[in-house]
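Residue-level structure breakdown
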Amino acid sequence: MQAGSSMARSPIMSRYNFRESEAKWQRIWREQRLFEVAAEPGRPKYYVLEMYPYPSGKLHVGHVRNYTIGDLVARYRRAQGFNVLHPMGWDAFGLPAENAAMAENIHPAIWTHENIKTMRAQLERMGFGYDWSREIATCHPDFYRHQQKIFLDFLAAGLAFRTESWVNWDPVENTVLANEQVIDGRGWRSGATVEKRLLAQWALRITAFTEELLDAIGQLERWPERVRLMQENWIGRSEGARVFFAVAGTDERIEVFTTRQDTLFGASFLALSPNHPLSLRLAEKDPGLSAFITECNRMGTSEAVIETAEKRGYPTGLEAVHPFDESRHVLVYVANFVLMEYGTGAIFGCPAHDQRDLEFARKYRLPVIPVVLPPGEDPATFMIGDIAYVDDGMLINSAFLDGLSVAEAKRAAGERLEKLGLGERTTVYRLRDWGVSRQRYWGCPIPVIYCSACGIVPVPEKDLPVILPADVSFDVPGNPLDHHPTWKHVPCPVCGGPAQRETDTLDTFFDSSWYFLRFCSARAPVAFEREAVDYWMPVDQYIGGIEHAVLHLLYSRFFTRALKQCGYLNLDEPFAGLFTQGMVCHETYQSENGEWLFPEEVVTGEGGRLVDLAGRPVTAGRHEKMSKSKKNVVGLDVIVDTYGADTARLYLLSDSPPERDLEWTETGIEGIWRYVNRLWRMVSEPPVALAAPGTPIPAALPPAVEGTRRATHKTIAAVTDDLDKFRFNRAVARIRELTNTLEELPSSEPGAAEVLREGLETLTRLLGPMMPHLAEEMWQMLGGEGLLADQPWPVADPQLTRDEQVTIAIQVNGKLRGTLEIPRDLDNLAVEEAALALPHVLRWLEGQPPRKVIVVPNRVVNIVA
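How each quantity is defined
Residues numbered from 1 in each chain as written. Predicted model: local features only at pLDDT ≥ 70, side-chain atom pairs only at ≥ 80, totals over all residues. Heavy atoms only, no water. Helix = DSSP H or I, 4+ residues; strand = E, 2+ residues; numbered from the N terminus. Buried < 20%, exposed > 50% of the residue type's maximum accessible area, 1.4 Å probe, protein only. Contact = heavy atoms within 4.5 Å. Areas by Shrake-Rupley, 256 points an atom, 1.4 Å probe, with all protein chains shown as cover. Lys, Arg positive; Asp, Glu negative; His and termini not counted. Charge placed at Lys NZ, Arg CZ, Asp CG, Glu CD. Salt bridge = Lys/Arg side-chain N within 4 Å of Asp/Glu carboxyl O. Axes fitted to C-alpha atoms, helices over the stretch in contact; angles between N-to-C directions. Parallel < 35°, antiparallel > 145°, perpendicular 65-115°, else oblique. Left-handed = near helix turned anticlockwise from the far one by under 90°. Pairing = 2+ DSSP bridges. Core = buried A, V, L, I, M, F, W, Y, C linked by side-chain atoms within 4.5 Å. Arc of directions from axis to C-beta. Polar contact = N/O pair within 3.5 Å; in protein donor to acceptor, adjacent residues only side chain to side chain. Disulfide = S-S within 2.5 Å.

Attention shifts here to the overall build of the protein. The helix and strand tally for the protein stands at 26 helices and 36 strands. Dimensions of the protein along its principal axes, counting C-alpha atoms only, are 105 × 85 × 65 Å. Burial analysis of the protein (865 residues in total) assigns 52% to the buried set. Here the contacts in the protein between residues at least 6 apart in sequence split such that 71% fall between residues at least 24 apart. Surface summary for the protein: the accessible area is close to 38400 Å², and the carbon and sulfur share equals 51%. Within the protein, one finds 91 positive and 115 negative side-chain charges whose respective centroids are separated by 1 Å.

Right, here's the structure in full:
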């Protein structure tokens, strides 16, 4: 090979055999139990956890982005010397299993365990380094027996309690539905009109920690700001006032909470929830009101439903007395947009300054009295049109509040209410206690017994777990536990008399609120061993979708505090760091008749037009999140069969920042596959015999070879920084740049063999957390000792990451007039002389000597003319 030539490829280009390689290395990792760990007090730990999956069936590539990220982080931290816990389990209870039982006539347990088997095999094929010895499934009695014990401890501590609450009830399925399962007022599955019912439910007292949960959000420094804001809004701290409106002609009064006590003089009506005690009492004697309440109870209770529904009211005939002016009365309505679950179940309406109230007032021809004047408006002419004024201003039409700002008026109104004994300033929260009862079979049984003589009796700990019966039928709508012939009938543990088990099961969010603690000692005879939790917790890096930003994460934060109160642990926050990955998207396709098509059912026909396999036209739609409903999914098995796990992994890491959505394309995955084979050939067919492992690099190197060595060490430093900051796509780009640099190395130059070896070894080690199978293969071919997975992370030589030449800015009178490339740490006099010799500087000085020259070493020269 001629001097100065670059690396050349063999005329016969070899291809990487990923099938053989991936199977081999997965077997070796498994046989060596490489990722199984134990607590080692005194050794730094790192707990990496992806939100565990629901075993719903086969995975597609959209499912595994977060697991790929998690495995990269785990392998990277392991290489840095941490004792890394990286477990996996299954969120195995839940409604889809019951749906499958009814649709496919298969028991939920069988359906669930078959799916777990399939999905575990898929995750193993991806080479994820999980400690499978800690695997859990929440549907297994060994897991939920501890959950039942936790529930009983919460019950004893007053954190679990029985209460009546309004719920969405599906009269066909005979079960409670979450707000999200009510679509246009109907059950998401049955299509039946949903009703509101007051049911006895089990709940957890999350409100006992409201202020603590809110205040601690500011300490979650490694959580996305978006998630912290969503939790703050969900908890919903509001400062305002309780106000009491007397009902004219009665001894009754209606309590209202408001954050806008400054607008009380703009009140034109009161509105009660359909399920307010006064509404229900009035309905007993008013058939029209009773019918209206029934109609309201067919609406969903979600904010979206309430917000979009037509605002309707029913006049009660009552009038409320204004707290600041007994001569003023306002009408009292029952309204469909007031929820009993929020505030006091009653509001006062100020139409001029609330859009919802304005719509209601216009509909029922109620007064609209502006009491907040926008800046620059004339109080004599200011009027409200179709849009309420909700911004700041000065109070008008408000007696003793006139002329005050909104903030001043809030304070003055609150003081007057307290003085009159008609209210008080207070702080309320949107957060409500967590209802955990579900009228479902496939869930953790709630361990209580109802006895007519003894009341509610906890199941004795010696009788745990309360196991679900296997012989259930889904032929009758509702909860199979209710109509099981024997399971619910038991003797009372206290008196021995006939009693019945609770047939409700726990919300599956209960399972996911503590599973991460079980992983710390997954085979322990207790929920988790205190020493193990003290060592492993908190989770250092939690990874999952933004859709869990509120409920799952908030419930887990509550659960940790509740367990602390019950003496289980000494910890407040479960997740020190949180990362929410973006979705994986793909183009959607529809047939002539509007049916969704899978990508593999679409081909390019004549003229580049899309057609289905029968040649019929296909319409390409939007790029959307991969979902089975729109069939725009790419099967994980297909990709791994075609390109290998490492190719899929690198594509999921490289295409876009991990917090943003990723667009999956055939050209993208094929490009990664080509790169994989380039790497393979660089190591299997090097252009020059590599120096033996451990051979020292010559002290003096030709410039081009020296430049390649510097590029290697700069890449180590940059990739390390990128991985620390979750800039995975940038890290991949830098590794590919290094690949190009190594390919261009003049291989016949002195020191090239040694520098090429160092570069290839570095490339291999940097790729290890991303493409572990290929990297292990490359490491073996390079003669590396042991497994690459056991090698330490490379460390850059700071002398080689520092540029010998620096570019400095040249300013004249503070304005940039040029740049200068100079040797690093050149003495100030030489820098000054070089700057003053620049043509642009000479032109600005116009032949005059500068008044002053300021040199900031290696950064800037400022010339004062």
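Next comes the rest of the account.
One pass over the structure, following the stated rule, counts 48 salt bridges. With a closest N to O distance of 2.7 Å, D540 and K45 form a salt bridge. Of this pair, D540 sits in the loop between α15 (530-536) and β26 (541-544) while K45 sits in strand β1 (residues 45-50), placing them 495 residues apart in sequence. Here D540 matches K45 in class, with each residue buried.

Between helix α3 (residues 95-104) and helix α4 (residues 108-125), the shortest axis-to-axis distance is 8 Å and the interhelical angle comes to 115°. Taken together, the axis directions place α3 and α4 in an arrangement best described as roughly perpendicular. Crossing of α3 over α4 shows right-handed handedness. On α4, the residues touching P96, A97, E98, A100, A101 and E104 of α3 are P108, W111 and T112.

What follows deals with the sheet that holds strand β32 (residues 662-663). The strand order across the open sheet formed by three strands is β31-β28-β32, and the pairing between neighbours is mixed. Since the sheet does not close on itself, it has two edges, and those belong to β31 (619-625) and β32, each with one partner. As defined by bridge partners, strand β28 (residues 584-590) adjoins β32 across two bridges and the pair is classed as parallel. Paired with V584 across the bridge in β32 is L662.

Relative to the assigned elements, T68 resides in helix α2 (residues 65-79). Given the relative accessible area of 0%, T68 is considered buried. Between the C-alpha atom of T68 and that of L517, which follows or precedes it by 449 residues, the distance is 22 Å. Apart from residues no more than four positions distant in its own chain, T68 is found in contact with M126, F128, R649, L652 and L653.

Our next topic: the pairing of strand β9 (residues 195-204). Two elements, strand β5 (residues 160-170) and β9, share 10 bridges in a ladder whose sense is antiparallel. By the bridge assignment, A160 is partnered in β9 with L204. Pairing of β9 with strand β19 (residues 434-435) involves two bridges; the strand directions are antiparallel. Residue pairing across strands places L204 opposite W434, the latter belonging to β19.

Let us now look at the nonpolar core. Among the nonpolar cores identified, the biggest contains 165 residues, and Y47, Y515, F559, W664 and M770 are the most heavily contacted of them. Looking at this core, the element that brings in the most residues is helix α19 (residues 666-684), giving nine residues. In this structure M770 touches L72, D646, R649, L650, L653, L723, A731, V732 and I735, once residues within four positions along its chain are discounted. In this structure, V332, C350, L358 and A388 belong to the second largest nonpolar core, which totals 36 residues.

Residues of helix α11 (residues 355-363) that are buried include every one of D357, L358, F360 and A361, and no others. Around the axis of α11, the buried residues are gathered within 165° of arc, so they sit on the same side. Looking at the buried residues of α11, the elements they touch are β12 (269-272), β13 (313-322), β14 (325-335) and β15 (346-349). Of the residues that open α11, the one with a side-chain oxygen 3.0 Å from the backbone nitrogen of R356 is D354.

This next bit is on the state of the cysteines. Evaluated as defined, the whole model comprises zero disulfides. Of all cysteine sulfurs, the one in C139 lies closest to C444, which takes part in no disulfide; the gap is 11 Å. C566 carries a free sulfur, and the closest cysteine sulfur to it, the one in C444, is 16 Å from it.

Along the chain, P599 falls in the loop between β28 and β29 (602-604). Of the residues examined, P599 reaches a relative accessible area of 17% and is grouped as buried. In this structure, the C-alpha to C-alpha distance between P599 and V634, residues 35 residues apart in sequence, is 7.2 Å. With sequence-adjacent residues up to four places away left out, P599 is seen in contact with H586, Y589, K631, N632 and V633.

Time to look at the sheet that holds strand β36 (residues 860-864). A sheet is described by the order of its strands in space; here four strands give the open sequence β34-β33-β36-β35, paired in mixed fashion. With partners counted over all chains shown, the strands left at the sheet margins are β34 (815-823) and β35 (852-856), one partner each. Neighbour-to-neighbour, the strand axes of this sheet turn through a mean angle of 20°, independent of strand direction. Against the sheet, helix α25 (residues 828-836) touches β33 (805-812), β34, β35 and β36, its axis set at about 120° to β35.

In this section: the environment of V48. Mapping V48 onto the fold places it in strand β1. When the C-alpha positions of V48 and G605 are compared, they lie 47 Å apart, and in sequence the two are 557 residues distant. In contact with V48, not counting residues within four places along its chain, are G70, V73, A74, V84, L85, H86, P87, Q541 and I543.

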